[in-house]
Amino acid sequence: MALFSELRRRNVLKVALTYVLAGLLVFWLFGALLLWLGAPNWANEFLLLVLAIGFPVALIFAWAYEITPTGLKKSLDVEQTQSIVFKTGQKLNAAVLVLAVLGVLALVGEQLLPKFEFPKIIEPILPAPVYESPVRPGVPPEIRAHTLKNGLRIIVWPDHDIPNVVMYNYVRAGGRNEYPGITGLSHFFEHMMFNGTAKRAQGEFDETMEAAGGANNAYTSEDLTVYQDWFPRTALETIFELEGDRLKNLAIEPSVVETERGIVYSERRSRYDNDNFGRLYLETNATAFIAHPYQFPVIGWASDIESWTQQDLESYFKTYYAPNNLTMVFTGDVNPEQIFVLARKYFGSIPAQAPPQAIRTVEPEQLGERRLRIGVAAPTPLLHVTFHAGNAGDPRTLPLNVLLSILVGGNSSRLHQAFVEQEQIALDVGGFQMEGLDPGLVYFYLTLPPDADTAKVEARLLEELSRVATDGVTEAELSKARNIMIADYWRGLSTIDGKAAAIGRAEVFLGDYQRAFALPAALEQVSGEQIREVASEVFHRNRMTVGVLQSPTGEDAR
């Protein structure tokens, strides 16, 4: 107790607390400055080392000059109120200044410094950071995953075949996250993210990336906005700096907003308003859904594009581009530790936000056919037919994908052979399944000859779908579909781009990147009877929406 009282009387504890608080402030300020200047990874650690050395040194001086008999004798010569601050500070400041000068010189001449590596005998002794490793069978053991403190999810799949890297950034913001008044905002930000920031002028993002040998792209769907970077290994830190900058400092300038608003509006006119397929798809989709936001076009309704406000934009970006709403995937010539260190440096300071509002609306069961007809000038009639189905994780989704391969997968498929080659009632037939976060559609589209009877073609399509629901598919058709899908699967995983896409989609849509490796085994379990049962359940006329687009005739032409 006597020692504690003496420490308190001589202000040792107050000075120690002051030093701690000042040290944290210095570390924060200089850390932000070093990050802004693009200093190397070791700069922050060096700053922390200086402060960590300085604190115990300060206490040692305080003890030597204030508590020991020698120190007490010397303190008689100095005014008590300045003893610790003055005498300790003189010596400590000199030591810290020497270290700081050495640090600045090291920053300037970093390239001249030799690279230090621990001897091999020491490496096993050092504790390695613990990251998530795969636990499911059949998953490449080198994959690692990690979630930063701000919620940013990162998955790394090393592949050292070539010195290139792929980055996918999955932003959970798509058409389903919008509502009347702000439809199209997700797609709009796909454009805005390639414009300027508080640090970079408009166009500088692309210029910097291309100068480093990289390229980029992006797309928006009903569920996501996905950003893609392809670049050489040597550009890794440049890409992190670019991506971190636009996530933290995107400039939503009114003049740029108006320019991009015009570009998006022009894109809508060319892809939908002036394109027959796009127009029919947009309106068929809007008719098939009456409650769920999947009914909204990803590009947005025209009136909403015209009326987005600055507040709409800033609020949407803050909510949906927060780190806790992102999943990043890196594949290629990298190691996980390297990626996670850079992620903490460039993304770790971005604050998390409150999670976006959950989509609670569930599309009610469709109890009857829905139909629409568009009468516009068209050289060939179009017929679109949809049925409600499940989401990406629905157990019916994979059997339906196998069935779609059988029905419309290429020129040898059942419907192409019947409708295009043999009966010649269609010029083209295709289809797809929406595999989203929420239940979607199975969608068939047909381009018909100029004089086609759309009602008869629709009847033939329903006849073929009914035949599948009754009789199923042949073993030869099932085997062929499996072979095609397996070949496509492995072909995709043969590239670093395909690897990133596969594990990213599995993480986002299925909740676990490891499920990307379950497809081959799951395909083997799909049976002909399972396909027949799913077809019988899904291809029901009460769950059908039919859209027709053709040139107006008779009464329609007036």
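Before any of the text, the structure's been laid out above.
Okay, so let's go over this structure.

Rules and cut-offs
- Counting of residues starts from 1 at the beginning of each chain's written sequence and follows it residue by residue.
- Reporting of local features is limited, given that this is a predicted model, to residues whose pLDDT is at least 70; pairs of side-chain atoms are given and counted only at 80 or more, and all residues count toward the totals for whole chains, interfaces and linings.
- The side-chain numbers reported here are obtained from all heavy atoms of the structure, hydrogens and water having been left aside.
- Only DSSP runs of H or I reaching four residues or more are called helices, and only runs of E reaching two or more are called strands; each is numbered from the N terminus.
- Relative accessibility under 20% of the residue-type maximum defines a buried residue, over 50% an exposed one, and the middle range a partly exposed one, all with a 1.4 Å probe and only protein chains included.
- Whether two residues touch is decided by their heavy atoms; if any such pair falls within 4.5 Å, the residues are in contact.
- Only the protein chains shown count as covering a residue, and every accessible area follows the Shrake-Rupley method with a 1.4 Å probe.
- Note on terminology: a nonpolar core comprises buried Ala, Val, Leu, Ile, Met, Phe, Trp, Tyr and Cys residues joined through side-chain atoms within 4.5 Å.
- Here a pair means two rings of Phe, Tyr or Trp (six-membered ring of Trp) with centres within 6.5 Å. Their orientation is stacked below 30 degrees between planes, edge-to-face above 60, and tilted elsewhere.
- One requirement defines pairing of two strands: DSSP has to find at least two bridges between them.
- Between N-to-C directions, angles span 0 to 180 degrees; the directions come from axes that are lines fitted to C-alpha atoms, helices contributing only their stretch in contact.
- By convention in these notes, a salt bridge is any Lys or Arg side-chain nitrogen within 4 Å of a carboxyl oxygen on Asp or Glu.
- What qualifies as a polar contact is a pair of N or O atoms within 3.5 Å, subject to a donor-acceptor requirement within protein and to the restriction that residues adjacent in sequence count only when both atoms come from side chains.
- Any angle that is under 35 degrees is reported as roughly parallel, and any over 145 degrees as roughly antiparallel; angles of 65 to 115 degrees are reported as roughly perpendicular and all others as oblique.
- In the scheme used here, Gly and all other residues not listed as nonpolar or charged are polar, with Ala, Val, Leu, Ile, Met, Phe, Trp, Tyr, Cys and Pro taken as nonpolar and Asp, Glu, Lys and Arg as charged.
- Expected span of a helix: the number of residues minus one, times 1.5 Å.
- Think of the arc as the fan of directions from the helix axis to the C-beta atoms.
- The charged-residue count follows a simple rule in which Lys and Arg add positive charge and Asp and Glu add negative charge, with His and chain termini not counted at all.

Assigned secondary structure in the protein consists of 20 helices and 11 strands. Taken over 558 residues, the protein has a buried fraction of 48%. Long-range contacts, defined as pairs at least 24 residues apart, comprise 78% of the intrachain contacts of the protein with a sequence gap of at least 6. Accessible surface, the protein: about 27,600 Å² in total, of which carbon and sulfur atoms supply 59%.

Ranked by internal contacts, the top residues of the largest apolar core, which has 54 residues, are Ile-154, Phe-189, Phe-240, Tyr-321 and Phe-347. In this structure Tyr-321 touches Val-171, Phe-189, Glu-190, Met-193, Thr-225, Tyr-227, Leu-247, Tyr-316 and Leu-326, once residues within four positions along its chain are discounted. Membership of the second largest hydrophobic core comes to 44 residues, among which are Leu-415, Val-457, Leu-461 and Val-538.

Attention now moves to the packing of aromatic side chains. This model, assessed by the stated rule, comprises 25 aromatic pairs. Aromatic pair Tyr-131 and Phe-340: ring centres 4.3 Å apart, planes at 50°, arrangement tilted. Placement of the pair is Tyr-131 in the loop between α5 (83–108) and β1 (144–147) and Phe-340 in helix α13 (residues 336–347), with a sequence separation of 209 residues. Per residue, the accessibility class of Tyr-131 equals that of Phe-340, and both read buried. An angle of 35° between the planes, with centres 5.9 Å apart, marks the rings of Tyr-168 and Tyr-170 as tilted.

What follows covers the sheet that holds strand β8 (residues 382–388). Overall, mixed pairing links the five strands, which are arranged β7-β11-β8-β10-β9 in an open sheet. Both outer strands of the open sheet, β7 (370–375) and β9 (428–433), are each paired with one neighbouring strand and no more. The sheet shows a mean angle of 10° between the axes of neighbouring strands, direction not considered. Helix α10 (residues 276–288) rests against β7, β8, β9, β10 (441–447) and β11 (544–550) of the sheet, and its axis sits at about 30° to β8. This element, helix α15 (residues 414–422), spans β9 and β10 of the sheet and lies at about 155° to β9.

Let's shift gears to the pattern of salt bridges. Applying the stated rule across the entire model yields 28 salt bridges. As a salt-bridge pair, Asp-245 and Arg-200 come within 2.8 Å of each other at their nearest N and O atoms. Highlighted residues: Asp-245 in helix α8 (residues 236–249) and Arg-200 in the loop between α6 (185–192) and α7 (204–211), separated in sequence by 45 residues. Comparing Asp-245 with Arg-200, the two get one shared label, buried. Through salt bridges that share partners, Glu-423, Arg-460, Glu-463, Glu-464 and Arg-467 make up one connected network.

A few words on the environment of Leu-549. Mapped onto the secondary structure, Leu-549 falls in strand β11. Excluding residues that lie within four positions of it along the chain, Leu-549 makes contacts with Asn-276, Arg-279, Leu-280, Ile-374, Val-376, Ala-378, Thr-380, Pro-381 and Leu-382.

Now for the side chain of Thr-327. Here Thr-327 lies in strand β6 (residues 326–332). Residue classification places Thr-327 among the buried residues on the basis of a relative accessible area of 1%. A polar atom in the side chain of Thr-327 sits 2.9 Å from the side chain of Arg-172. Every residue in contact with Thr-327, bar those within four places of it in the chain, is listed here: Arg-153, Ile-155, Tyr-168, Asn-169, Tyr-170, Arg-172, Glu-507 and Val-508.

This brings us to the packing of helix α14 (residues 397–408) against helix α17 (residues 475–493). Axis separation between α14 and α17 bottoms out at 9 Å; the angle between their running directions is 105°. With respect to α17, the element α14 is oriented roughly perpendicular. Residues Leu-398, Asn-401, Val-402, Ser-405 and Ile-406 of α14 form the contact with α17, whose own contacting residues are Glu-477, Leu-478, Ala-481 and Met-485. When the residues that make up the contact of α14 with α17 are grouped by side-chain class, the tally is six nonpolar, two polar and one charged.

Moving on, we get to α6. The buried fraction of α6 amounts to eight of the eight residues, a majority that puts the element mostly inside the structure. Burial in α6 covers these residues: Leu-185, Ser-186, His-187, Phe-188, Phe-189, Glu-190, His-191 and Met-192. Buried residues in α6 make contact with β4 (215–220), β5 (225–232), α9 (254–273) and α12 (310–320).

Close contact between α9 and α10 brings their axes to 6 Å; oriented N to C, the two are set at 90°. Relative to α10, α9 is oriented roughly perpendicular. Side by side, α9 and α10 meet where Arg-268, Arg-271, Tyr-272 and Asp-273 of the first sit next to Gly-278, Arg-279 and Leu-282 of the second. When grouped by side-chain class, the residues that make up the contact of α9 with α10 number two nonpolar, one polar and four charged.

Compared with the 28 Å implied by 1.5 Å per residue over 20 residues, the 26 Å span of α9 between its first and last C-alpha is a close match. Buried within α9 are the following residues: Val-256, Val-257, Glu-260, Arg-261, Val-264, Tyr-265, Glu-267, Arg-268 and Tyr-272. The buried residues of α9 occupy one face: seen down the axis, they fall within an arc of 165°. The inward-facing, buried residues of α9 contact α6, α10, α11 (302–307) and α12.

With respect to the secondary-structure elements, Glu-241 resides in helix α8. A sequence separation of 104 residues divides Glu-241 from Lys-345, and the C-alpha atoms of the two residues are 9.1 Å apart. The residues touching Glu-241, leaving out its near neighbours within four places in the chain, are Lys-199, Arg-200 and Tyr-346. Polar side-chain contacts of Glu-241 include one of 2.4 Å to the side chain of Arg-200.

Let us now look at the side chain of Glu-363. Residue placement: Glu-363 occurs in the loop between α13 and β7. Arg-370 is the oppositely charged side chain nearest to the buried, salt-bridge-free Glu-363, at an N-O distance of 4.2 Å. Here Ile-290 takes part through its backbone nitrogen, which lies 2.9 Å from a polar atom of the side chain of Glu-363. At a separation of 3.0 Å, a polar atom in the side chain of Glu-363 contacts the main-chain amide nitrogen of Ala-291.

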